[in-house]
Amino acid sequence: MASVHSDVASTGPARAVLPPAPRHAASSRPAPPTVVKIVVAGGFAVGKTTFISSISDIEPLSTEAAMTEHSLGIDHAGAATAAKLTTTVAMDFGRIALPGNLWLYLFGTPGQDRFLFMWDDLVRGAIGSVVLVDTERLDQCFPAVDYFESRQIPFVVAVNCFNGVARHTLDDVREALSISPDVPMMYTDARTRAATKQALVSLVRHAMQRG
Amino acid sequence: MSRSVPGRPDEQPAPDVRPYTLTGGRTRSVTGDLPLEALVEALAASPSGRTPEERDLLALAAGGFVSVAELSARTRLPVGVVRVLVGDLEAAGLLSVHGLGSTPGESSAVPSMSLLESVLDGICAL
């Protein structure tokens, strides 16, 4: 029986008959690192990129996801439109090399609620998430907390102390955000490598307990 | 230090060239959606007959393992476009893609307990 080539363009060369790319034949190429990732979530300007840069081996990079939104109502300029809007959303990320040929990626989420649908892509296969909280704008982290809770993705809540000042107790923040007692919470200072490290350790431990 | 204007924090103007003109309108890679952190390795020197964007990707992947996210950041191409082009280049045998211990293109597995232990030890040792 002839096979069906539904997706093969008529102009395409004989891609289908190419052998699969050789994977680590007996060559001297180094083994690829094992890759893991942690998602850094929270509202806009809560310090996600600062957090990532405090511990990343590389300067945080920014990747863009172009998306087309099917606008059904009002565009940003206030004009009614049914056109597609193409916007690009920046996601910052960093990378840490760990012993044992491990690479840990830290991905910052796009800050706004309306990009929540992109998070599915980000969290696929992730260890979990550090949700950064600015107590002056608690409402900004509701979407992140809801998202990870509803998908049962391990997360910890790190209250970023701007200028080293904690304005609220962790218990108050937990209550205000309705965070369940088993979710670790801590103060952090996103500018500080040691504090960032502690938040990551807390998350990985939490993920192991969940696992 | 000034902050960006509130309300439009993460957005930048759309590029002059619509990104998906680079992929022939395709938004899906032939190999499925690669994870952002999937690692790419060039298998061949940059050949003729590929687009400038594809040659850029191959050149970046020639220097060692590089993630889809880094390819996107360094070429300024959107992630979706990079995924499609990487899929094409992989299908052409010009590069290989390494997943997360699972089959590339499939859903990434949740990290195993032994992997989490290694990560924990590694972070603690930083």
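Residues numbered from 1 in each chain as written. Chains lettered and ligands numbered in written order. Predicted model: local features only at pLDDT ≥ 70, side-chain atom pairs only at ≥ 80, totals over all residues. Heavy atoms only, no water.

Some thoughts on the overall build of chain A
When you go through chain A residue by residue, the secondary structure sums to 5 helices and 7 strands. Each helix and strand of chain A, ordered N terminal to C terminal, gives the series β-α-β-β-β-α-β-α-β-α-β-α. For chain A, the share of sequence-separated contacts (at least 6 apart) that also reach a separation of at least 24 residues comes to 69%. Here chain A displays about 10300 Å² of accessible surface, and carbon together with sulfur accounts for 54% of that area. (Helix = DSSP H or I, 4+ residues; strand = E, 2+ residues; numbered from the N terminus. Contact = heavy atoms within 4.5 Å. Areas by Shrake-Rupley, 256 points an atom, 1.4 Å probe, with all protein chains shown as cover.)

Quick look at the nonpolar core
Judged by nonpolar contacts, the single largest core of 58 residues is most densely connected at Val131, Val133 and Phe148 of chain A together with Val40 and Val86 of chain B. The greatest single-element share of this core, amounting to 6 residues, is contributed by helix H3 (residues 79-91) of chain B. Valine 133 of chain A has contacts with Val46, Leu138, Cys141, Val157, Ala158, Val159, Asn160, Val173 and Leu177 of chain A, leaving out every residue within four places of it along the chain. (Core = buried A, V, L, I, M, F, W, Y, C linked by side-chain atoms within 4.5 Å. Buried < 20%, exposed > 50% of the residue type's maximum accessible area, 1.4 Å probe, protein only.)

Brief notes about the sheet that holds strand S3 (residues 66-67) of chain B
Residues and elements named next belong to chain B. Taking strand neighbours across the sheet as the criterion, the 3 strands line up as S3-S2-S4 in an open arrangement whose pairing is antiparallel. Sheet topology places S3 and strand S4 (95-98) at the edges, where each strand pairs with a single neighbour. Seen against the sheet, H3 touches strand S2 (39-42) and S4 and runs at an angle of roughly 120° to S4. (Pairing = 2+ DSSP bridges. Axes fitted to C-alpha atoms, helices over the stretch in contact; angles between N-to-C directions.)

Observations concerning the packing of aromatic side chains
Residues and elements named next belong to chain A. All chains considered together, the criterion is met by 7 aromatic pairs over all chains. Consider the rings of phenylalanine 93 and phenylalanine 107, whose centres lie 5.4 Å apart with planes at 35°: the pair is tilted. With phenylalanine 93 in strand S3 (residues 84-98) and phenylalanine 107 in strand S4 (residues 102-108), this pair connects stretches of sequence that are 14 residues apart. The same class applies to phenylalanine 93 as to phenylalanine 107, namely buried. What links up through ring pairs into an aromatic cluster is the set Trp119, Tyr147, Phe148 and Phe155. Its guanidinium or amino end placed over the ring of tryptophan 103, arginine 95 lies 4.4 Å from that ring's centre, counting from NZ or CZ. (Phe/Tyr/Trp six-rings, centres within 6.5 Å; stacked < 30°, edge-to-face > 60°. Lys NZ or Arg CZ within 6 Å of the ring centre and 35° of its normal.)

Side note on helix H1 (residues 52-61) of chain B
Of the residues making up H1 of chain B, those classed as buried are Glu54, Leu57, Leu58 and Ala61 of chain B. For H1 of chain B, the arc enclosing every buried residue in end-on projection is 100°, short of the 170-degree limit, so these residues lie on one face. (Arc of directions from axis to C-beta.)

Some words on the confidence of the model for chain A
Residues and elements named next belong to chain A. Residue-level pLDDT values for chain A average 79, and 73% of them are 70 or greater. Low pLDDT, under 50, characterises residues 1-26; the stretch is placed with 18 contacts to residues that sit more than four places away or in other chains. Note that residues 69-84 has pLDDT below 50 and, in this model, 22 contacts with residues that lie over four places away or in other chains. (pLDDT = per-residue confidence, 0-100.)

Focus: the packing of H1 of chain B against helix H2 (residues 68-75) of chain B
Residues and elements named next belong to chain B. H2 packs onto H1 with a crossing angle of 120° between their chain directions and a minimal axis gap of 10 Å. The orientation of H1 relative to H2 falls into the category oblique. Here H1 runs over H2; the crossing is right-handed. Here H1 contributes Asp56, Leu57 and Leu60 to the contact with H2, which in turn contributes Leu71, Arg74 and Thr75. Residue composition of the contact of H1 with H2, grouped by class: 3 nonpolar, 1 polar and 2 charged. (Parallel < 35°, antiparallel > 145°, perpendicular 65-115°, else oblique. Left-handed = near helix turned anticlockwise from the far one by under 90°. Nonpolar A, V, L, I, M, F, W, Y, C, P; charged D, E, K, R; others polar.)

A short note on the environment of threonine 109 of chain A
All names here are of chain A. Relative to the elements of secondary structure, threonine 109 occurs in the loop between S4 and helix H2 (119-123). According to the relative accessible area criterion, threonine 109 is buried, its value standing at 4%. Considering only alpha carbons, one finds threonine 109 and leucine 177, 68 residues apart in sequence, at a separation of 19 Å.

Side note on the confidence of the model for chain B
Residue and element names in this part refer to chain B. Per-residue confidence for chain B gives a mean pLDDT of 79, with 72% of residues at or over 70. When pLDDT is averaged over each element of chain B, helix H4 (residues 113-124) comes out on top at 96 and strand S1 (residues 11-12) at the bottom at 52. Overall, residues 1-9 carries pLDDT values under 50, and its contacts beyond four positions in sequence, including any with other chains, amount to 6 contacts. Taken together, the stretch residues 100-107 has pLDDT below 50 and engages in 16 contacts with residues farther than four places along the chain or on a different chain. The complex model carries a pTM of 0.78, and its ipTM stands at 0.78.

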